[in-house]
Amino acid sequence: MINYKLSKNKATFLLLFLCNLIVALLAFYVLPKKFFYDAMLIAYDKGNEIGFLGSYPLTILFYKITYLRYLSFPIVALIQYPILIYVLYKVGIPKNFNLLTIKNLLVYLGFFMIAVFMSMPSKEFITYLYLALIVFIYKSDRFSFKKSVVYSMLLLLLFGAFYRPYFLLIPIISIGMYGLRYVQFKNKTMMTLFYGLCIAFFLSLSYGLVKGQYLSESSREVVNLDRLNSQDANSIIVSPIKPDSWYGEAIGIAYGFFTVNVPVNGLKHVLSPQILAFVIWQLLLFSLLLVRFSNCLKSRRKENYELWLLLILFSYFIVQGVFEPDLGTAIRHKIGVFPLIYFALYYDNFREKLR
């Protein structure tokens, strides 16, 4: 008879999975109907948007091919949630995962948010699984460091070309910020982020010259225009200056970045506990990742894998500042990149397994 004793960190991981699996199953019966708006579009495709290009057409195609669109949402949750958590299990369970640290609490809440946002047909389900490939490439012994970086950039470009166009900006911003690593600044971390925002701004200007509208003007502002006086307008992100000029777009991008990633202005939502919870979660997450990013930029050990992982994440955060219409959508999209966040937070636990 095999005597197998479950370690505390694995037991904690399993307990989180089981508890939040119940959350995923019950989400359909508890959450308001408006929460399932995208899921209904994907499942029923009343507009006949199915196709091979774009997030909605490809997602609808995926759920049709897999027959998940024909199942009730609780059954979809029962299938999807274990797959998503299994991905994290394959990434690895960190040591001391059972201890109540800020880092662990953020991930515990991440398990809960995965259960809530992925308990239905979702574009983020595909995003999550796709971006997990980058983590596994970085962990694999089959790829050298240079190949790992090149493949991760190609994956992001491919995803942007066929699924979510704004992902095309991530490799450009990442490479641009990496180049600044060799420039001597007094505060390299803040200056790197500043120049990342500048790159996003100039990309928006270039887009505006071609299309006649800047990036945030043609995305975030369009989405929010019809919601200004609605019940769903309490967490929308509205630029203090209309982004129809170069300076308005510059202010809008900076404002969007800080609103999404350092949402101190969101603390005013004391009567909306779900928004307040996200604000606190996001503030702590951004702070921890910023410290790791700063250490990577200063480190002479050249932790290149971790640096590139963080460059991708912070480039994504900058892109969110351009496109995100509200805080609710922002957190949903953060969950789509959760494998990258999970790997970045616990990189020290996995570093010894890398080359």
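None of these values were measured; they are calculated from a predicted model.

> Could you give me a rundown of the overall build of the protein chain, with the residues and numbers involved?
What the protein chain contains, in helices and strands, is 17 helices and 0 strands. Against the globule reference of 20 Å for 355 residues, the protein chain gives a C-alpha radius of gyration of 20 Å, in line with a compact fold. Its C-alpha atoms put the protein chain at 70 × 55 × 45 Å along the principal axes. Partitioning the contacts of the protein chain with sequence separation of at least 6, the portion at a separation of at least 24 is 71%. On the protein chain, the mean spot of the 35 positive side-chain charges and the mean spot of the 17 negative ones are 11 Å from each other.

> Describe helix α3 (residues 55–65), naming the residues involved and giving the relevant values.
Three or more residues of α3 are buried, namely Ser-55, Pro-57, Thr-59, Ile-60, Leu-61 and Tyr-63. Contacts made by the buried residues of α3 are with α2 (37–44), α4 (73–91) and α6 (123–139). Taken from the residues just after α3, Tyr-67 is the one with a positive phi, measuring 65°.

> Which residues make up the packing of helix α13 (residues 273–298) against helix α15 (residues 327–336), and what values do they have?
Their axes nearest at 10 Å, the elements α13 and α15 cross at an angle of 50°. Considered as vectors, α13 and α15 are oriented oblique to each other. You can see that α13 and α15 cross each other, and the crossing is left-handed. Residues Ile-275, Phe-278, Val-279, Trp-281 and Gln-282 of α13 form the contact with α15, whose participating residues are Leu-327, Ala-330, Ile-331 and Lys-334.

> Kindly report on the side chain of Ser-219, identifying the contributing residues and their values.
Relative to the elements of secondary structure, Ser-219 occurs in the loop between α10 (215–218) and α11 (220–225). The exposure class of Ser-219 is buried, given its relative accessible area of 15%. A polar contact is formed between the side chain of Ser-219 and the backbone oxygen of Leu-215, at a distance of 2.6 Å. Beyond its immediate chain neighbours, meaning those up to four positions away, Ser-219 contacts Val-322 and Phe-323.

Rules and cut-offs
Residues numbered from 1 in each chain as written. Predicted model: local features only at pLDDT ≥ 70, side-chain atom pairs only at ≥ 80, totals over all residues. Heavy atoms only, no water. Helix = DSSP H or I, 4+ residues; strand = E, 2+ residues; numbered from the N terminus. Rg over C-alpha atoms; globule rule 2.2 N^0.38 Å. Contact = heavy atoms within 4.5 Å. Lys, Arg positive; Asp, Glu negative; His and termini not counted. Charge placed at Lys NZ, Arg CZ, Asp CG, Glu CD. Buried < 20%, exposed > 50% of the residue type's maximum accessible area, 1.4 Å probe, protein only. Axes fitted to C-alpha atoms, helices over the stretch in contact; angles between N-to-C directions. Parallel < 35°, antiparallel > 145°, perpendicular 65-115°, else oblique. Left-handed = near helix turned anticlockwise from the far one by under 90°. Polar contact = N/O pair within 3.5 Å; in protein donor to acceptor, adjacent residues only side chain to side chain.

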